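Observations on the three-dimensional arrangement
Listed below are the residues making up each chain.
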Amino acid sequence: MSNISFTPVKSSRLNEIDFDNLKFGNVVADYMFMADYYDGEWHDMRIVPYQNMSVSPANMAWHYGQAIFEGMKATKAIDGTPYLYRPEDHAKRLNFSANRMDMPSFPEDMFLEALHMLTDINKDWIPVKEGSALYIRPFMIAFDNNIGVRPSYTYRFMILNLPSNAYYTKKLKLKVEEKYVRATIGGVGNVKNAGNYGAAMYPTSQAQKEGFDQVLWLDGIEKKYIQEVGTMNIFFVIDGTIVTPAIDGAILNGITRKSIIKILKDKNYPVVEKALTIDEVIKAYKDGKLTEIFGAGTAAVVAKVSSINYKGINMELPSHEMSILIKQEVDGIRNTTLEDKWGWMVKVNPKEKLV
Ligand SMILES: *Cc1c(COP(=O)(O)O)cnc(C)c1O
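Residues numbered from 1 in each chain as written. Predicted model: local features only at pLDDT ≥ 70, side-chain atom pairs only at ≥ 80, totals over all residues. Heavy atoms only, no water.

1. Brief notes about the side chain of Glu-329
- In this fold, Glu-329 is placed in helix H7 (residues 321–334).
- Filtering out sequence-adjacent residues up to four positions away, Glu-329 remains in contact with Ile-263, Lys-267 and Leu-338. (Helix = DSSP H or I, 4+ residues; strand = E, 2+ residues; numbered from the N terminus. Contact = heavy atoms within 4.5 Å.)

This is the structure in structure tokens:
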């Protein structure tokens, strides 16, 4: 028996949803998971109908930003069996983020139990069209009603499920950001906290007004080393080698990034993780050696980059061979048409069947 309580919906909203026209992030499945932290422990784990909740205007999360999240996916195999992608890695990263933000960890076994039960009860919400998935959004927020600056004593942890079609289908025009920075080593760039996104909105909007899609972030000190693109990790194909910035404490340690490195190494492609400068990338472009750039993250999986602009100079990147190969590999593992060599796909197996 699970100690997660359950409240059924009066009627499912499933038949109101147009699965052919899902916009990322605005359709939430029937059920959500919730738990509350007080007196030093997590309490009242529950799966309940997705609905609004009541929160004090003095809630500390929106005053001081103790707010972290994860982003992961569930997909269906061709035979319809639901699977989670690398759930343990997401559980670990959630707690890495919690620790840095001085928030309590959510025990991994409880997180996995909640994920399996929630995904199972929402399984009819997992879309099956190519490139689509059930996007899973676990998050934790401070829950004290107090305007004093200190870590909250109480927290709320929740998981939402959102069916989504393929994300970022268009090719990205990148602007190398020279004025604003996203993160520095020692800060919180390697943490999935809400504030990182808040800080990125303005520079991204400015870049979009100039006709770009996303910014390519450079390091916060020398503005020399490449970090990430928008909210994704980034890969370059230079002279046949796949190069990506090394995890340095400012970059988010992406699970898609890790998967891609593993897949490429397994296929004997040369992959290098290092401190990569923008000058090296520009030089490689001028020498005709930079053939491709792509972003990598859970939502988009792989986002092709069509051009990169540095100091007003536009560099076109017409080739997307590696992006296509990688996307096929990851999608193939996710829909079980390719072998899952490393056990990344975990079959949804609830401790208890709720219905
Ligand atoms: C989540 C995230 C990524 C990608 O991580 P995945 O685990 O691959 O989804 C990259 N950069 C930032 C800033 C992120 O928040």
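Read on for the rest.
2. Remarks on the packing of helix H5 (residues 255–266) against H7
- Between H5 and H7, the shortest axis-to-axis distance is 11 Å and the interhelical angle comes to 105°. By the angle class used here, H5 and H7 are roughly perpendicular. Counting all contacts with H5, which are made through Ile-260, Ile-263 and Leu-264, the residues of H7 involved are Met-322, Leu-325, Ile-326, Glu-329, Val-330 and Ile-333. (Axes fitted to C-alpha atoms, helices over the stretch in contact; angles between N-to-C directions. Parallel < 35°, antiparallel > 145°, perpendicular 65-115°, else oblique.)

3. A few points about the site of the ligand
- Near the ligand you find 14 residues, and of these Lys-192, Tyr-197, Glu-228, Thr-256 and Thr-298 are the closest.
- Note that an oxygen atom of the ligand is positioned 2.6 Å from one of the side-chain N or O atoms of Thr-256.
- Residue classes in the shell around the ligand are distributed as 4 nonpolar, 6 polar and 4 charged. (Near = heavy atom within 4 Å. Polar contact = N/O pair within 3.5 Å; in protein donor to acceptor, adjacent residues only side chain to side chain. Nonpolar A, V, L, I, M, F, W, Y, C, P; charged D, E, K, R; others polar.)

4. Describing the packing of aromatic side chains
- With the rule as written, the count across this model stands at 16 aromatic pairs.
- A centroid spacing of 5.3 Å and a plane angle of 40° characterise the contact between Phe-6 and Tyr-31, whose relative ring orientation is tilted. On the criterion of sequence distance, the pair formed by Phe-6 in strand E1 (residues 5–6) and Tyr-31 in strand E2 (residues 31–38) is long-range, its members being 25 residues apart.
- Both rings, one in Phe-111 and one in Phe-157, keep their centres 6.0 Å apart while their planes meet at 55°; by these two values the pair is tilted. Here Phe-111, found in helix H3 (residues 108–121), pairs with Phe-157, found in strand E8 (residues 155–164); they are 46 residues apart in sequence, far enough to count as distant.
- An aromatic cluster is present here, built from Phe-33, Tyr-37, Trp-42, Phe-106, Phe-111, Tyr-155 and Phe-157 joined pairwise through their rings.
- Above the face of the Tyr-153 ring, Arg-150 is positioned so that its terminal group lies 3.9 Å from the ring centre. (Phe/Tyr/Trp six-rings, centres within 6.5 Å; stacked < 30°, edge-to-face > 60°. Lys NZ or Arg CZ within 6 Å of the ring centre and 35° of its normal.)

Don't take any of this as a statement about function, it's just geometry.
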